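# Chains, contacts and geometry: an overview
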Amino acid sequence: MSRRGRVTVGVLLGVFVLFTLLGWGVNAWTDWLWFDEVDYTAVFTGVLVTKLALFGAVGAGVALVVGGNLWLAYRLRPLLRPHSAEQATLERYRILIAPRIRTWLLLVAVLVGLFAGLSAQGRWGQWMLFRNGGDFGVKDPEFGVDIGFYVFQLPFWRYLLGLGFTAVVLSVIGALAVHYIFGGVRLQGVGDRMTNAARAHLTSLVAVFVLLKAVAYVLDRRAMLLEYNESAKLYGAGYADINALLPAKEILAYISIVVAIAIIVFSNAVMRNLVWPGISLALLGISAVAIGGIYPWAVQTFEVKPSAKDKEAPYIERSIAATRNAFGLTEAKSSPYAANNLVPPASLATDTSVVPNTRLLDPQLVSETYTQLQQVRNFYDFGPKLDIDRYTVEGRTQDYVVGVREINYAELTSQQNNWINRHTVFTHGYGLVGAPANQVVCGGQPYFVSGYLGEKAQEACSAPTEQIQAQQPRIYYGERMRDSDYAIVGQTGDRNVEFDRPTGSGGDQSSGNGVNYTYDGKGGVAIGSFPRKLLYAIKEQESNFLLSEAVNENSKLLYVRNPRDRVEKVAPFLTLDGDPYPAVIDGRIQWIVDGYTTAATYPYAEQVNLQAETADELTNKGTFQLARENVNYIRNSVKATVDAYDGTVKLYQFDDKDPVLRAWNKAFGGDLVQPRSAIPAELMAHLRYPADLFKLQRNLLAKFHVTDPGAFYNGDDFWQVPNVPDAPDTGQKQPPYYLYTQFPGQEGPRFQLTSAVTPIGRQNLAALISGSYVDGQPRLEMLELPDQTRISGPVQVHQQMTNNGAIRQQLSQLNADGKAQVQYGNLLSLPFADGMLYVEPVYVKSNQQNAYPLLQKVLLSYGDGGSYVVLANSLADGIKQLVEQGKQAAAGTPPAANPPLPAAGGNQPPALTGELAAAAAQVQAAIAEVKAAQSSGDFERYGKALKALDDAVNRFQALSKNATAPAPTGSSAAPPPSPGPSAGGTPTPSG
């Protein structure tokens, strides 16, 4: 290369390094400023220092080992080399390398050390736990070693072992190359192919490799407790592992030590050749195959498989105990629930704990309703799913559907979407909008009680004044914020430029002017000085930081505005729940985020994938999908809050017994996470059982509620999570749902997360699982139904209710000949009076533009899901109908499968004759066949029965069009309109 070419390459390389270092420096500086803003600089410095220390220590160590061996190989080169064609060919390389040998060796060592150091940076978490981890106070069942060794020590030891193998292998390869180039190792010519010095060097490295293998066998003995046991279909060492593979690894460790000694002795002190060292390595390989492979295989095949149930029983018991402990299932309370009452009891009409608190609003469906009725301007948004929380208003506690009116920058018009508007004008949302979860008004709309843009409600269908008061309703930090959605706030003088909220005339807030505002919170990074403007201009690649008058001496920059991202940044060791939710606490809107500490090396515990286990119908629909991370230990150890106005992040210790959180807290100085006692009482009142943890525990309880090893091995009492009831063919799991209700055995109503499960391969109900907090402590409970229960599961119940003849016809009328869509809300399974009450709200959404779902009807069923079914205008009306059906059954007059509705004017329909009567009889016969097929558990028969029922109903409807008599299974006239369903006992305000 010419001198000009070398200069050009040097300049380009320098520019590349300069911009790389500049980018790194800008990111580091702005990160420091952000951490200083939130007062968590200990996290920034702790992680950075640890990364730099690991980079330097590991990089220097590997570079020293590899570079030292390369230098040693060069120093051991022979002074005289035999003449041969091979050596003549290598001479050109020696001439190139030898004059600058130190430079070349240093370059290779630095490159190797650089890559080793970069890889070591990612192990900062393992190193922190290695240094700060303590004991769990629980010992593994095989070696009696504290679990802390596996969680805190073992991962880093295995990393160091892998690093040692890498350094030795690179040293062998590099030393062999240097010996070859400088004549220490020859492939051609007479005499020895290797000098004594080269042989001693290379065989010593091979011996070190074998010694490291001996260490690996020792660590493998511990790591066996983490492996998958194919025989028992569980994690943890099984019979063959403990009785064959475990002693085999111990023997192989001793053999490895002997082989390492033999390699050094025979190759350098006794025979001084590579024959016996080679034989030793071959014997080690044969031993590994025979002792570590064939022998355990033989034990597994000939001893375990013929009687696996008995042989694996002790190890299955270990796995069950470890899994229940690692995932917090040991305290799960199981109670039998008779579920033998199939007739609606009269007490339904007078109940004060379950029925009045039944939630009718589906947070996913009514999100569109909130957006259309409460967004006011195009750029406001509530997201695809709202949240459920509980508040005490006027002395009554109940659950509310809440959402935050946020700025959605994606909805700005082309006129609005310029840099000034996007980052300095439309900076925040306004208000937490809430509505009681069991109440609707004005033809099916939520009854809004908070989040008003003025002092009073502007809609007639809302409470006259706010019932959930937020003294600071502005939303500068929210779930709809992305990385690029930064805001520049702070103005000079009295001029306010931030759009605050609209104010219209005559109560119309969708028109008229808006109120402007200037942010006065403590959040944000000051960018008034020229260096700060330049810094963020480089970071955001935006010249307006330097040129725009909107950035002044009082300006502050708000960024990392998503509450989940903020918590993740200040606590990078936490796995965060995918569903943060807002709450009004002490007059301020706070985002509450659940944080988990996890591990993947808990002995004998089941290993699960967080992403797979937490996925359901709502994943990525208003929730965040968890990472594809495998864990076998989890605790909800942290409750984090983010102030929606100033972005303040606070971390509170929730599980004060978690050793993993103690280790992390110690690693960052001991006061990163505030103690549990510091949680404010009002915040404690809004904490809820986290959804992703519950889904994980629910899925594990589907198997690990069985604690007998023999029954577990048979697997005949396992459960499964049912699919979405109204769309089972999608394969998506039914999400758990929050309810404020009282289950059997509970002292009073609780705010709890509940889910139904069915027997594996069947659709009848097996159990109800709930998670709640009692006196601030998590409580998992299971209501287990008898094995031969007739109670249907969610999918069956939905099919039975919607396939009922009378109900089917009314649902068709709601469809309005294709001009509207019928949508189904959460199907709630509510245990009541030794029976099961099912409630499913029915929404109707017009196909017109900007239409939103309105709650029009409520489906109810009691008992087995098919005998007592109603479609009512309200929950109270439906309860009355169910109770009346129960009274008829008690009087010896069981209700008809499809009770006729009164014709217009209140007259009863005349009796059916002719073809119409025959068609009605076919419908009744088809219904009987559906019930019989359902009870049999034969899915093919059940599908055919449903098809036959559909054909029979269609035939009857076709005949009834030309007849004067209405259908015996329903009314041909739609029911009269109503203001919408509401819970029994709850007043329904009207507009």
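Described below are features of the structure shown in this document.

Definitions and cut-offs
- Residues numbered from 1 in each chain as written.
- Predicted model: local features only at pLDDT ≥ 70, side-chain atom pairs only at ≥ 80, totals over all residues.
- Heavy atoms only, no water.
- Patch = residues over 30% accessible without salt bridge, like charges linked within 9 Å, V, L, I, M, F, W, Y side chains within 5 Å.
- Areas by Shrake-Rupley, 256 points an atom, 1.4 Å probe, with all protein chains shown as cover.
- Salt bridge = Lys/Arg side-chain N within 4 Å of Asp/Glu carboxyl O.
- Helix = DSSP H or I, 4+ residues; strand = E, 2+ residues; numbered from the N terminus.
- Axes fitted to C-alpha atoms, helices over the stretch in contact; angles between N-to-C directions.
- Parallel < 35°, antiparallel > 145°, perpendicular 65-115°, else oblique.
- Left-handed = near helix turned anticlockwise from the far one by under 90°.
- Contact = heavy atoms within 4.5 Å.
- Nonpolar A, V, L, I, M, F, W, Y, C, P; charged D, E, K, R; others polar.
- Pairing = 2+ DSSP bridges.
- Buried < 20%, exposed > 50% of the residue type's maximum accessible area, 1.4 Å probe, protein only.

## So, a nonpolar patch on the surface
Side chains of Val7, Val11, Val15, Leu18, Phe19, Leu22, Phe530, Leu534, Ile538, Leu546 and Leu547 sit close together on the surface and give an oily, nonpolar patch of about 1000 Å² of accessible area. Contributions of two or more residues to the nonpolar patch are made by helix H1 (3–38), helix H14 (530–540) and helix H15 (544–547). The dominant element in the nonpolar patch, judged by the number of residues it contributes, is H1, at six residues. Within the secondary structure layout, Phe19 lies in helix H1.

## Some remarks on the packing of helix H2 (residues 41–75) against helix H6 (residues 147–181)
At their nearest, the axes of H2 and H6 sit 8 Å apart, and the two run at 25° to each other. Between H2 and H6, the crossing angle belongs to the class labelled roughly parallel. As for the relative orientation of H2 and H6, their crossing is right-handed in sense. In this structure, H2 uses Val58, Val62, Val65, Val66, Asn69, Leu70, Ala73 and Tyr74 to contact H6, whose residues at the interface are Tyr159, Leu163, Ala167, Leu170, Ser171, Gly174, Ala175, Val178 and His179. The residue inventory of the contact of H2 with H6, partitioned by class, reads 13 nonpolar, four polar and no charged.

## A look at the sheet that holds strand E17 (residues 556–558)
Reading across from one edge, E13-E17-E16 is the order of the three strands in this open sheet, with antiparallel pairing throughout. Pairing within the sheet leaves two strands with one partner each, and these edge strands are strand E13 (487–489) and strand E16 (525–526). Relative to E17, E13 runs antiparallel, the two sharing three bridges. When the bridges of E17 are listed, Ala487 appears paired with Leu558.

## Quick notes on the side chain of Asn562
Within the secondary structure layout, Asn562 lies in the loop between E17 and helix H16 (563–570). Residues in contact with Asn562, not counting those within four places in the same chain, are Gly478, Glu479, Met481 and Phe624.

## Some thoughts on the environment of Ala313
Mapped onto the fold, Ala313 is located in helix H11 (residues 313–326). When its relative accessible area of 21% is taken as the criterion, Ala313 is described as partly exposed. For Ala313 and Ala711, which are 398 residues apart along the polypeptide, the C-alpha to C-alpha distance reads 9.9 Å. Setting aside chain neighbours within four positions, we find Ala313 in contact with Ala308 and Pro709.

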